[in-house]
Structure formats: C-alpha cells, structure tokens
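Examination of the molecular architecture
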Amino acid sequence: LKIRYRYDNRDWRVHYEQMHQYHDGIKNILSDTKGYLDKLHQEIAKTLEKISSREKYINQQLEGQVQTFRTTQDQLAQVREKFKQGSTSVNDLAQELNQISSELETIKTEMDERGTSMTDAGPVVRIKQGLTKLKNDCSQMEVQIGLLEHSLLEARFKTKSVIKLQMNAGSRQVNDKPSLF
C-alpha cells in the first residue's frame, strides 16, 4: 500500500516555497533581461538622437523650400478667393446676359412683326382698290347727276313752255271775255 499525500493548494507552506522558487527564477531572468533591456535602451536612445539630428539637418536643408511652399500656399488661397469672386461675377453677368438676350429676342420678334405688317402690301392694295371703286362710283354718280340735271332742265323747259302756252292761251281767253268793269 502506498499512501499518497496530496498537497493542498491552500497549504501556506507550499505557497511559501513556491514563492521562493519563483522569486529566485525571476532574479536570474531579471539580471539577463536587464542587460538586454539596457542594450536596447541605449540603441533606441542612439537611434532617436540620430533621427533628431537628421530631422534638424533636413529641416535646415529644406527651410527655403518649406518657406516657398508656405508662400505658394498663401498665394494659392488668394487666387482661389479671387477665382470665387470672379466666378460669382461671371455668373451674375451670365444671368444678366440671358435676361438681355431674352429681351432682345422679344424686341426682334416685335420688330419683325411690325416690319412684316409695314411691308405687307395687302392693306395698301385694299385701300387702292377702295379708291378705284370710289372713283368709279363718283364717275357713275356724276353721269347720273348729269342725266338728272338734263332731265330737270328739260322738264323745266317743258314746264316753262307749257306755262307760256297756257299763259298765252289764258290771256287770249281773258281778252275774249267781256270785262265786267
């Protein structure tokens, strides 16, 4: 028979012994790791120093170009602002041009209509035809007036001659009658 003794994880001696083992293991590893970390720290510090010095060198070398770039950026901003103002002005002028063009088209249409009505010979021809008709009517009326005047004159002469005849005949009869006085 074998007796097995189980270690209870709750037993403090076991915990204490494990803590010492871990502590010794960490000390051994820490000394090795500390050496590696120190070397890594030194390398990183050197690298950062190199980067810093190169950055300064590049900044010094490119300072003129950076200044030129900033100036160019400012000029570009000014040009964009002028472009914005110019395009707004162009849009306003384009709207005004469209309005004037539409007014011009309206006026052209009116002028074409007036020109067409002025060059249209229809009313003038109708007026001329009316005048010709009036002249013909006047001529016919003058002929009719002349005929009527002639007829009236003839009727007057006939009436006068009848009256003369009657008067002559009446005076003979008056002379033929005995007078009372």
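A brief report on the enclosed structure follows. (Residues numbered from 1 in each chain as written. Predicted model: local features only at pLDDT ≥ 70, side-chain atom pairs only at ≥ 80, totals over all residues. Heavy atoms only, no water.)

**Re the overall build of the protein**
Helix and strand counts for the protein come out as two helices and zero strands. In the protein, which comprises 181 residues, the proportion classed as buried is 1%. Carbon and sulfur atoms provide 58% of the accessible area of the protein, an area that totals close to 18,200 Å². (Helix = DSSP H or I, 4+ residues; strand = E, 2+ residues; numbered from the N terminus. Buried < 20%, exposed > 50% of the residue type's maximum accessible area, 1.4 Å probe, protein only. Areas by Shrake-Rupley, 256 points an atom, 1.4 Å probe, with all protein chains shown as cover.)

**With respect to the pattern of salt bridges**
For the structure on display, the rule yields one salt bridge. We note a salt bridge from K158 to E154, for which the minimum N-O separation is 3.8 Å. Of the two residues, K158 and E154 both sit in helix α2 (residues 122–176), four residues apart, roughly one turn of that helix. The exposure class of E154 is partly exposed, given its relative accessible area of 38%. (Salt bridge = Lys/Arg side-chain N within 4 Å of Asp/Glu carboxyl O.)

**Quick look at a nonpolar patch on the surface**
Taken together, the side chains of L37, L40, I44, L48 and I51 define a hydrophobic patch exposed on the protein surface, amounting to about 470 Å² of accessible area. Of note, I44 is situated in helix α1 (residues 12–119). Note on I44: relative accessible area 42%, which makes it partly exposed. (Patch = residues over 30% accessible without salt bridge, like charges linked within 9 Å, V, L, I, M, F, W, Y side chains within 5 Å.)

Read these as geometric descriptors, not functional statements.
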